[in-house]
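# Report on the structure
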Amino acid sequence: MKLKGCKINIIGDSITEGVGTSDPENVFWRLLATNDGADLYGDGIGGTRIARQLVPSENPDLDQFFR
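The structure presented is a predicted model; accordingly, all values stated were derived computationally and were not measured.

Counting its regular elements, the chain contains 2 helices and 2 strands. When the helices and strands of the chain are read in sequence order from the N terminus, they spell out β-α-α-β. A compact globule built from 67 residues would reach a C-alpha radius of gyration of about 11 Å, whereas the chain, at 14 Å, exceeds it by more than 25%. The dimensions of the chain, computed from C-alpha atoms along their principal axes, are 40 × 25 × 15 Å. Burial analysis of the chain (67 residues in total) assigns 19% to the buried set. Considering only contacts in the chain between residues 6 or more positions apart, those separated by 24 or more positions represent 51%.

Given below as structure tokens:
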């Protein structure tokens, strides 16, 4: 896929944040930017969700969502 020159914003949870990577530069979206020349920006917050949940979980910290 040709991504050079594309501007891409990525939002997500802990995977987007980079939890478990060996280095912050090894987050998947940073690697895409490096390898494919795209202009990427990622915003990841562990434990968040894209949509509001109808039933709250036992841990309110896990019920955060992007607005």
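Attention now moves to the nonpolar core. Nonpolar side chains in soluble globular proteins tend to be buried together. Formed by L3, I10, V27, W29, A38 and L40, the largest nonpolar core amounts to 6 residues. Here I10 is in contact with T16, F28, W29, L40, Y41, G42 and D43, once residues within four sequence places are set aside.

Rules behind the numbers
Residues numbered from 1 in each chain as written. Predicted model: local features only at pLDDT ≥ 70, side-chain atom pairs only at ≥ 80, totals over all residues. Heavy atoms only, no water. Helix = DSSP H or I, 4+ residues; strand = E, 2+ residues; numbered from the N terminus. Rg over C-alpha atoms; globule rule 2.2 N^0.38 Å. Buried < 20%, exposed > 50% of the residue type's maximum accessible area, 1.4 Å probe, protein only. Contact = heavy atoms within 4.5 Å. Core = buried A, V, L, I, M, F, W, Y, C linked by side-chain atoms within 4.5 Å.

Scope: geometric values only; no functional claims are made or implied.
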